[in-house]
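Observations on the three-dimensional arrangement
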Amino acid sequence: MSILQKAKNYVEILFKDKLSSVYFYHNFIHTAYTVNKAEEIMKNTPVSEEDQEKVLVALWFHDTGYIECALNHEERSVEVMKAFLHEQNYPENYIADVEKLILATKIHYEPQNLLEKIVKDADFSHFAGHDYSDISDALRKEWELTNVRCFSNEEWNAGNLDMLKNKHTFYTDYAKENWEPLKKKNIKKIEKKLEKEEEKKENKKEVSEGKKEKEKSDRSVDTLFRVTLNNHTRLSDIADSKANILLSVNAIIISVCLSVLVPKLDAPKNSHLILPSFILLLSSVLTIIFAILSTKPNVTKSTFTSEDIANRKVNLLFFGNFQQMLFDDYNNAMKDLIKDRDYIYDSMVKDLYYLGKVLNRKYKLLSITYKIFMAGIIISVLSFGAAFLSL
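Labelled according to an unreviewed UniProt entry, the protein chain appears under the name HD domain-containing protein, originating from Chryseobacterium cucumeris. UniProt annotates the protein chain under Subcellular location (unreviewed entry) with the comment "Cell membrane".

This is the structure:
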């Protein structure tokens with residue numbers, strides 16, 4: 001396994017086990033996004049393979065310090081990286097180079113060389129993202145939950161505009177050419193938001209304090225649901241991807257065994273290989289079965305009455321429920337849902353809860369699948385070894 005795959009697995013487990021759930025932005029999703037963007041830059045920039053590896057290792061670890069504290073997290077990230085690379089027996093000069101790249105992600109640091117420029121651009125690549133608004137909201141929510149600061153819409157948009165327009169710049173040629181135009185589009189979107197806020201001020205000169213607090217609360221709740229549902233969906237995609245890998249690997253193992261190994265077992269001289277071969281095939285079949293179960297759609301279908309709809313006992317956001325309804329009934333029920341914000345939140349909570357239940361089942365089955373695969377491989381290898389030693 002390459003050092004980059006080891007680093008990815010290490011950071012993914014580290015964030016899963018130790019990172020607080022309040023970090024809606026500085027998490028594994030942001031880290032993986034940053035690594036992908038660095039790879040994009042380096043595909044279009046002449047960088048040696050060794051330097052590419054250093055950049056990617058640095059980016060895998062650049063936010064790991066958040067498991068302890070946001071303050072001076074870069075220095076804490078360096079300590080996590082050093083412990084990992086020492087365990088992998090990497091030389092001190094290599095570790096020192098990666099350390100410099102992690103420290104180059106500090107917000108006010110000016111990069112001194114090409115590798116630092118790549119790291120810096122990758123870390124701020126979301127400024128040119130099509131979903132910049134959602135990413136920005138995630139950071140805003142994170143700062144609110146970690147008591148950094150709460151912002152009004154106008155304050156937040158003005159701060160974002162100042163950052164993108166006056167304080168940030170891309171350094172690599174690739175980012176300047178390909179990302180700068182996208183960043184300018186995001187700047188225009190923020191400017192339009194500020195203009196709308198200004199128009200609202202002119203049209204509504206007097207707004208009660210209670211209403212302002214309610215709007216702020218609603219906005220926070222909306223962001224919470226959007227980011228959480230998005231994270232759950234990505235976790236589901238990750239689980240399906242892992243299950244598909246296991247399916248492919250074990251399908252290959254079974255194919256090879258059936259075409260190459262099994263036809264030779266009827267010979268007396270190969271009788272000692274029957275049991276190990278059976279164990280290998282059995283473990284592969286069990287792995288495939290559990291991998292299929294983990295990815296198998298589990299659509300619940302239920303019947304309900306108009307009284308259930310009136311009493312809000314039906315989740316209208318799940319297709320397994322409304323697919324049995326007549327369009328007119330569904331249309332009327334959705335109009336009632338849209339008019340009542342509490343009803344909307346109740347429906348979203350139900351949707352989030354049952355999505356979590358599905359994810360729990362999926363990851364439990366995936367965990368069993370990995371254990372079966374690992375145990376099967378170990379026992380098969382030991383059995384083959386014992387069979388040959390017994391000759």
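Having seen the structure, we can now continue with the description.
1. Some words on the overall build of the protein chain
Summing up its helical and strand segments, the protein chain has 16 helices and zero strands in all. Pairs at least 24 apart in sequence give 71% of the contacts found in the protein chain among residues at least 6 apart. Working note: accessible area of the protein chain is about 22900 Å², and carbon and sulfur atoms make up 57% of it.

2. A closer look at a nonpolar patch on the surface
Where nonpolar side chains cluster on the molecular surface, the patch consists of L275, F278, L282, V285, L286, I289 and L293 and spans about 600 Å² of accessible area. By the secondary structure assignment, L286 is in helix 12 (residues 274-295). In this structure L286 comes out as partly exposed when scored by relative accessible area, which is 33%.

3. With respect to the side chain of T45
Position of T45 relative to the elements: it lies in the loop between helix 2 (28-43) and helix 3 (49-61). There is a polar contact of 2.8 Å between the side chain of T45 and the backbone oxygen of I41. In contact with T45, other than residues within four places in its own chain, are L114 and Y174.

4. Looking at unusual backbone geometry
Unusually for a residue other than glycine, N72 sits at a positive phi of about 50°. With respect to the helices and strands, the residue N72 is situated in the loop between helix 3 and helix 4 (73-87). One non-glycine residue, N89, lies in the positive phi region at around 60°. Its location among the elements puts N89 in the loop between helix 4 and helix 5 (92-103).

5. Quick notes on the UniProt feature "transmembrane region" (unreviewed entry) in the protein chain
In the numbering used here, UniProt assigns the feature "transmembrane region" (unreviewed entry) to residues 243-262, 274-293 and 368-389. The span residues 274-293 is 100% helical and 0% strand by assignment, and the distance between its end C-alpha atoms comes to 29 Å. Between the C-alpha atoms that bound residues 368-389 there is a distance of 31 Å. The span itself is 100% helix and 0% strand.

6. Points about a negative patch on the surface
A surface patch of like charges, here negative, comprises E195, E198, E199 and E202. Turning to its location among the elements, E199 is positioned in helix 10 (residues 180-203). Using a relative accessible area of 46% as the deciding quantity, one classes E199 as partly exposed.

7. Here's the deal with the packing of helix 4 against helix 5
Here helix 4 crosses helix 5 at 155°, and the two axes come no closer than 10 Å. Classified by the interaxial angle, the pair formed by helix 4 and helix 5 is roughly antiparallel. Read as a crossing pair, helix 4 and helix 5 show a hand that is right-handed. Of helix 5, the residues touching helix 4 (which contributes E74, E75, S77, V78, M81, K82, L85 and H86) are E92, Y94, I95, V98, E99, I102 and L103. Tallied by class, the residues present in the contact of helix 4 with helix 5 amount to eight nonpolar, two polar and five charged.

8. Considerations on the side chain of D123
Its place among the elements puts D123 in helix 6 (residues 114-123). No salt bridge is formed by the buried D123, whose closest oppositely charged neighbour, K120, lies at an N-O distance of 6.6 Å. A polar atom in the side chain of D123 sits 3.4 Å from the side chain of H30. A polar contact of 3.1 Å, which involves the side chain of D123, links it to the side chain of H62. Sequence-distant contacts of D123, that is, excluding residues within four places in its chain, are made with Y25, H30, T34, H62 and T105.

9. Some points on the packing of aromatic side chains
For the coordinates displayed, the defined rule picks out 13 aromatic pairs. Taken together, a centroid distance of 6.1 Å and an interplanar angle of 35° make the contact between W143 and F151 tilted. Since its relative accessible area comes to 10%, F151 is described here as buried. A ring pair is formed by F151 and W156, whose centres lie 5.0 Å apart and whose planes are at 65°; its orientation type is edge-to-face. The exposure classification of F151 matches that of W156, with both residues buried.

10. Details of a positive patch on the surface
On the surface, a cluster of positive charge is made up of K184, K185, K188, K189, K192, K193, K196, K200 and K204. With respect to the helices and strands, the residue K204 is situated in the loop between helix 10 and helix 11 (209-261). What makes K204 exposed here is its relative accessible area of 53%.

11. Focus on the pattern of salt bridges
One pass over the full model with this rule turns up ten salt bridges. One salt bridge connects K37 with E40, and the closest N-O pair in it is separated by 3.3 Å. With a gap of three residues between them, K37 and E40 both fall in helix 2, about one helical turn apart. Here K37 falls in the buried class, since its relative accessible area comes to 19%.

12. Re the nonpolar core
Core analysis: the biggest nonpolar cluster contains 42 residues, and V55, F61 and L85 have the highest contact counts within it. No other element matches the seven residues that helix 3 contributes to this core. If sequence neighbours within four positions are ignored, L85 has contacts with I3, V57, Y90, Y94, I95 and V98. Counting residues in hydrophobic clusters, the runner-up holds nine residues, among them F124, F127, Y132 and L164.

Here is what the cut-offs are and how they apply
Residues numbered from 1 in each chain as written. Predicted model: local features only at pLDDT ≥ 70, side-chain atom pairs only at ≥ 80, totals over all residues. Heavy atoms only, no water. UniProt positions renumbered as here; feature names shortened; annotations may be inferred. Helix = DSSP H or I, 4+ residues; strand = E, 2+ residues; numbered from the N terminus. Contact = heavy atoms within 4.5 Å. Areas by Shrake-Rupley, 256 points an atom, 1.4 Å probe, with all protein chains shown as cover. Patch = residues over 30% accessible without salt bridge, like charges linked within 9 Å, V, L, I, M, F, W, Y side chains within 5 Å. Salt bridge = Lys/Arg side-chain N within 4 Å of Asp/Glu carboxyl O. Buried < 20%, exposed > 50% of the residue type's maximum accessible area, 1.4 Å probe, protein only. Polar contact = N/O pair within 3.5 Å; in protein donor to acceptor, adjacent residues only side chain to side chain. Lys, Arg positive; Asp, Glu negative; His and termini not counted. Charge placed at Lys NZ, Arg CZ, Asp CG, Glu CD. Axes fitted to C-alpha atoms, helices over the stretch in contact; angles between N-to-C directions. Parallel < 35°, antiparallel > 145°, perpendicular 65-115°, else oblique. Left-handed = near helix turned anticlockwise from the far one by under 90°. Nonpolar A, V, L, I, M, F, W, Y, C, P; charged D, E, K, R; others polar. Phe/Tyr/Trp six-rings, centres within 6.5 Å; stacked < 30°, edge-to-face > 60°. Core = buried A, V, L, I, M, F, W, Y, C linked by side-chain atoms within 4.5 Å.

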